[in-house]
Structures are given as C-alpha cells and as structure tokens.
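What the coordinates show
Below are the chains, spelled out letter by letter.
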Amino acid sequence: MTSIDSEVRTLLESRVDAAQVKDIDRLMSHYSSDIVYFDVVPPMQYAGTDEVRRNFVRWFDGYDGPISLQTHQLAVEASGDVAVAHMLHLDSGKRTNGLETSIWVRSTVSCRRSNGAWLITHEHISLPIDMETLQAWFPPEM
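1. Digging into the overall build of the chain
Scanning the chain from N- to C-terminus turns up three helices and eight strands. In the chain, the order of α-helices and β-strands from amino to carboxyl end is α-α-β-β-α-β-β-β-β-β-β. Taken along its principal axes, the extent of the C-alpha atoms in the chain is 45 × 30 × 25 Å. Looking at the chain residue by residue over its 142 residues, the buried ones come to 37%. Across the chain, every contact between residues at least 6 apart in sequence was considered, and the portion connecting residues at least 24 apart equals 49%.

Pasting the structure below:
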C-alpha cells in the first residue's frame, strides 16, 4: 500500500467515524466545496456543501442514536493528486420509528488532494437489488 492509499483510507475512515456519531461539521470537513453527491433518495443528486449537508442531516435525523456504518471490501486506486475508492457499507441502527434496520449500500468516492489535504469531490451511493424480485440484495456473510 502506498502512502497515498494510506492517506485516502484515513480520510474515508474519518468520514465514517464522523457519520457514526452524527458530527455534521466534521463529516462535511471531508468534502470539497464543489462536491457532487449521488444518493438513493430524491432528488438523488446533491451539488455543493449546503445541499450535501442537508442530505446528511436528513439521514442522521432518521436514526434514534448513533449509526453503525461498517466498511467492507474497500479498494483504493490513486495517482498523484487524484484517488478513487469503492466499498460496501452496512448501514444499521435504531430508526426513529423504533425499528432496528440494516441495509447494504455501495459507495464510490472520488478524491482530490489540494494544498496537501485530501477532499471528497464526488460520491455515488447505490442500493444493490435483485432485478427479478426488486428486493434488496444482501451479500454473503463477510
């Protein structure tokens, strides 16, 4: 693993840590001002930190307490000041309606290093589904 890979992995781990405790300011510190974020909820595309922040607050507000966000199969490709990573996340916790839920999501993240700091410039979240049944797909035990 290169030092660039390690730096990007550290950025992504810090992003997950901030999301789990719903620290919106720390979470947003990992995103560039020109972030473009694709999510599974309407309007599905969020541009700029104000829109992305509102989307994260909406996500946080759906949970009663912390969010468990486990990263699996993280892969990083980096060269120079650009990096791309993809991973699976198991997003779970107690929802405000009282239900305990778990859902797998896929995440692809593009990062750029500027003035020595890595920031996320693009993120794409998707839900794996079985196209025949239109039900959520769950990977084998990891």
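2. Focus: the pattern of salt bridges
Enumeration over the complete set of coordinates arrives at seven salt bridges. For D34, the salt bridge goes to R112, with nearest N and O atoms at 3.6 Å. You can see D34 sitting in strand β1 (residues 31–38) and its partner R112 sitting in strand β5 (residues 100–114), a full 78 residues away along the chain. For D34, a relative accessible area of 43% translates into the label partly exposed. In this structure, R58 and D39 form a salt bridge, with 3.6 Å as the shortest nitrogen-oxygen distance. Of the two residues, R58 is situated in helix α3 (residues 48–61) and D39 in the loop between β1 and β2 (45–47); the sequence distance between them amounts to 19 residues. What makes D39 buried here is its relative accessible area of 12%. Here the residues in one salt-bridge network are E7, D81 and R113, joined through shared partners.

3. Here we look at the sheet that holds strand β3 (residues 68–79)
Sheet architecture is open: six strands sit in the order β2-β1-β6-β5-β4-β3, paired in mixed fashion. Unpaired on one side and paired on the other, β2 and β3 mark the two borders of the sheet. Each strand of the sheet is rotated relative to its neighbour by a mean of 15 degrees, with strand direction disregarded. Pairing geometry for β5 and strand β6 (residues 117–126), over nine bridges, is antiparallel. The residue of β6 that forms the bridge with R113 is W118. Strands in contact with helix α1 (residues 3–20) are β1, β3, β4 (82–94), β5 and β6; relative to β3, the strand with the most contacts, it is inclined by about 155 degrees. Across the face of the sheet, α3 comes into contact with β1, β2, β3 and β4 while running at roughly 55 degrees to β1.

What counts and what doesn't
Residues numbered from 1 in each chain as written. Predicted model: local features only at pLDDT ≥ 70, side-chain atom pairs only at ≥ 80, totals over all residues. Heavy atoms only, no water. Helix = DSSP H or I, 4+ residues; strand = E, 2+ residues; numbered from the N terminus. Buried < 20%, exposed > 50% of the residue type's maximum accessible area, 1.4 Å probe, protein only. Contact = heavy atoms within 4.5 Å. Salt bridge = Lys/Arg side-chain N within 4 Å of Asp/Glu carboxyl O. Pairing = 2+ DSSP bridges. Axes fitted to C-alpha atoms, helices over the stretch in contact; angles between N-to-C directions.

By themselves these figures say nothing about function.
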